[in-house]
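Close look at the chain arrangement
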Protein chains: 2
Amino acid sequence: MTDEQLSRLSEISHRKKYSVGQVIMSDQEPVTFFANIISGTIKLTKTIADGRQQIVGLLFPPDFLGRAFSRNNPYFAEAASDVEVCMFPNEAFERLIDVYPDLKHRLFERTLDELDAAREWMLLLGRKTAEEKVASFLLLLARRSLVVACPNEKPSLTRFELPLRRADMADYLGLTIETVSRQLTRLKAAGIVGMSDTRTLEVPDIAALVDVAGQGMAL
Amino acid sequence: MTDEQLSRLSEISHRKKYSVGQVIMSDQEPVTFFANIISGTIKLTKTIADGRQQIVGLLFPPDFLGRAFSRNNPYFAEAASDVEVCMFPNEAFERLIDVYPDLKHRLFERTLDELDAAREWMLLLGRKTAEEKVASFLLLLARRSLVVACPNEKPSLTRFELPLRRADMADYLGLTIETVSRQLTRLKAAGIVGMSDTRTLEVPDIAALVDVAGQGMAL
DNA sequence: TCCCTTCTTTGATCCAAATCAATTGCGGTG
DNA sequence: CACCGCAATTGATTTGGATCAAAGAAGGGA
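Residues numbered from 1 in each chain as written. Chains lettered and ligands numbered in written order. Predicted model: local features only at pLDDT ≥ 70, side-chain atom pairs only at ≥ 80, totals over all residues. Heavy atoms only, no water.

Remarks on the packing of helix H2 (residues 90-99) of chain B against helix H3 (residues 101-127) of chain B
All names here are of chain B. Between H2 and H3, the shortest axis-to-axis distance is 5 Å and the interhelical angle comes to 110°. Classed by the angle they form, the pair H2 and H3 counts as roughly perpendicular. Contacts between H2 and H3 involve Phe-93, Leu-96, Ile-97, Asp-98 and Val-99 from the former and Pro-101, Leu-103, Lys-104 and Leu-107 from the latter. Residue composition of the contact of H2 with H3, grouped by class: 7 nonpolar, no polar and 2 charged. (Axes fitted to C-alpha atoms, helices over the stretch in contact; angles between N-to-C directions. Helix = DSSP H or I, 4+ residues; strand = E, 2+ residues; numbered from the N terminus. Parallel < 35°, antiparallel > 145°, perpendicular 65-115°, else oblique. Contact = heavy atoms within 4.5 Å. Nonpolar A, V, L, I, M, F, W, Y, C, P; charged D, E, K, R; others polar.)

Below, the structure written as structure tokens:
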């Protein structure tokens, strides 16, 4: 994106903060904005009346939150941690898209990536065991932290923060809190992961984690 | 789409037939074409080495099969029934997209719909019971057949063909063949569905089916 | 028509994960 | 510091769906 584009963006945007648990976008209301995540983690969820919940997507910086070319929205977006976003009124953003068609192309590509991720997760939800599910999730995070930390190397030790509580991990993996906890202690006992604190994880050997995650975790 | 566009398309396309079980697109090979489904049902699947399989998408006429702006492809596409498609070489199709940007916009919207469908299914796979899963699938088909049959009315009786065998239904719902079969007989016993033949279904009262499907089946 | 194969249903048993139930740990706050 | 409320672990028990095992249907080819 060019500098000119960026300055245009800053003219029509404004910062906004959300704290853990706050609803950013609701099932019921039309979406009036596009948002770029600056910091924190946002969860997209679907819910059934009796309280059952499924996280259908996680968003990290610098992901986008919003619905291109559609006013209604079938998900909840909730702050999974304290979150800071940069918001654009929908109309202004779409005007910008008209001016810079490349932006639209980028949004399209991002949507395709999201579709692949969703389908990857369908395999996990439908066919993987609890142990494989938890391992796959940790692997996802481990890989993410690797990319952020050092794009070119492939170190075998990684340390990262869990951006979710156990309850959210359960909702992402289609499990219960208790099962997630038990699987984590199993992985710990097997020496595949270490935990200095409930939210801090070390993976001494990623290959070992890949093993128990079962395949299909290409990215 | 204009007549001119259509004639352009027919110049660069050709018909092709596949019979049940045939692989149309593989995991391993780059995608070289775009295809419009004329008749039959195509399943998109992801597989683990030990044989576990998950159907991540079903395609019916007049859906598109292919990957815009990406050569590699993380799924298998397999004929779930006898299938007839209309194929376009990838380069030719993308040239067409350049000429008619509206086409690209349509593809984008379709991708967004697929994403919503995938996430809807994530809720089903992660949080619904076997009974709810089977009912949800039948509901999906019932609604589809309603749309095809009479776009404007809302009759309460529907009859339609199951486009999948039990094994495929199981792979779509994250269940086993046996469980699918049992749930079908339960629904039959409860009078919620009727089956003249293993592949032909009647739904006397869609509202009753909606009830057991649990919500979240908006479309 | 009768095999032969493949699909489907049904039954009996088992097991992974859910549920129920404490207990422990931990961060804030008066 | 001690208290409170929430998050996480750990244990005991239950259960929904998987697995194992047969026994029907339904093609479909010779």
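From this point, the discussion proceeds with the structure in view.
Concerning the nonpolar core
Counting residues in hydrophobic clusters, the biggest one holds 113 residues, and the most contacted among them are A:Leu65, A:Phe137, A:Leu138, B:Leu65, B:Phe137 and B:Leu138. Ignoring any residue separated from it by four or fewer positions in sequence, one finds A:Leu65 in contact with A:Ile24, A:Met25, A:Phe33, A:Phe34, A:Ala35, A:Ile42, A:Leu44, A:Leu59 and A:Ala77. If you look at the next biggest cluster of nonpolar residues, it comprises 24 residues, including A:Phe34, A:Leu107, B:Tyr100 and B:Leu107. (Core = buried A, V, L, I, M, F, W, Y, C linked by side-chain atoms within 4.5 Å. Buried < 20%, exposed > 50% of the residue type's maximum accessible area, 1.4 Å probe, protein only.)

So, the sheet that holds strand E7 (residues 76-79) of chain A
Residues and elements named next belong to chain A. Sheet architecture is open: 4 strands sit in the order E2-E7-E4-E5, paired in antiparallel fashion. The open sheet has two edge strands, strand E2 (23-25) and strand E5 (53-59), and neither has a second partner. Taking each pair of neighbouring strands and ignoring which way they run, the sheet shows an average axis angle of 35°. As defined by bridge partners, strand E4 (residues 42-47) adjoins E5 across 6 bridges and the pair is classed as antiparallel. Bridge pairing in E5 places Ile-42 opposite Leu-59. (Pairing = 2+ DSSP bridges.)

As for the sheet that holds strand E11 (residues 200-203) of chain B
All names here are of chain B. One open sheet accounts for 3 strands, arranged E9-E11-E10; its pairing is antiparallel. Two strands close off the open sheet at either side, each with one partner strand: strand E9 (158-161) and strand E10 (194-197). Within this sheet the neighbouring strands show an average axis-to-axis angle of 25°, counted without direction. Both E10 and E11 contribute to a ladder of 3 bridges, which runs antiparallel. Residue pairing in the sheet places Asp-197 in a bridge with Thr-200 of E11.

Brief notes about the protein's contact with DNA strand D
Taken together, 16 residues form the shell around DNA strand D, and within it A:Arg165, A:Arg166, A:Thr185, B:Ala130 and B:Thr179 come nearest. One nitrogen or oxygen atom from the side chain of A:Arg182 is found 2.9 Å from a base nitrogen belonging to DNA strand D. The biggest single contributor to the surface near DNA strand D is helix H6 (residues 177-189) of chain A, with 5 residues. Residue composition of the surface near DNA strand D, by class: 3 nonpolar, 7 polar and 6 charged. (Near = heavy atom within 4 Å. Polar contact = N/O pair within 3.5 Å; in protein donor to acceptor, adjacent residues only side chain to side chain.)

A few points about the relation of the copies chain B and chain A
Of the two same-sequence chains, chain B is brought onto chain A (RMSD 0.0 Å, axial shift 0.0 Å) by a rotation of 180°. One copy is carried onto the other by what is essentially a two-fold rotation axis. Comparing contact sets, 98% of the residues at the interface of chain B also lie at the interface in chain A, consistent with an isologous, same-surface contact. (Least-squares fit on C-alpha atoms with pLDDT ≥ 70 in both.)

Details of the interface of chain B and chain A
Across the boundary between the two partners, chain B contributes 41 residues, which contact 40 residues of chain A. Buried surface at the junction of chain B and chain A, both sides included, amounts to about 4,000 Å², of which 60% is carbon and sulfur. At the junction of chain B with chain A, the criterion picks out 10 salt bridges. Ionic pairing is found between A:Glu114 and B:Arg119, a salt bridge with its closest N-O pair at 3.4 Å. Those elements that provide at least two residues to the side of chain B that touches chain A are strand E4 (42-47), strand E5 (53-59), H3 and helix H5 (166-173) of chain B. Of the residues forming the side of chain B that touches chain A, the biggest block, 19 residues, is contributed by H3(B). Broken down by class, the residue content of the side of chain B that touches chain A amounts to 20 nonpolar, 8 polar and 13 charged. (Buried area = accessible area lost by both parts, 1.4 Å probe. Salt bridge = Lys/Arg side-chain N within 4 Å of Asp/Glu carboxyl O.)

Thoughts on the protein's contact with DNA strand C
Inspection of the region around DNA strand C gives 16 residues, with A:Ala130, A:Thr179, B:Arg165, B:Arg166 and B:Thr185 positioned closest. Of everything in DNA strand C that lies within 4 Å of the protein, sugar and phosphate atoms constitute 64%. One nitrogen or oxygen atom from the main chain of A:Ala130 is found 2.7 Å from a phosphate oxygen belonging to DNA strand C. Contact distances for DNA strand C include 2.6 Å between a phosphate oxygen and a side-chain N or O atom of B:Arg166. For the surface near DNA strand C, the elements supplying multiple residues, two or more each, are H6 of chain A together with helix H6 (177-189) of chain B. At 5 residues, the largest contribution of residues to the surface near DNA strand C is made by H6(B).

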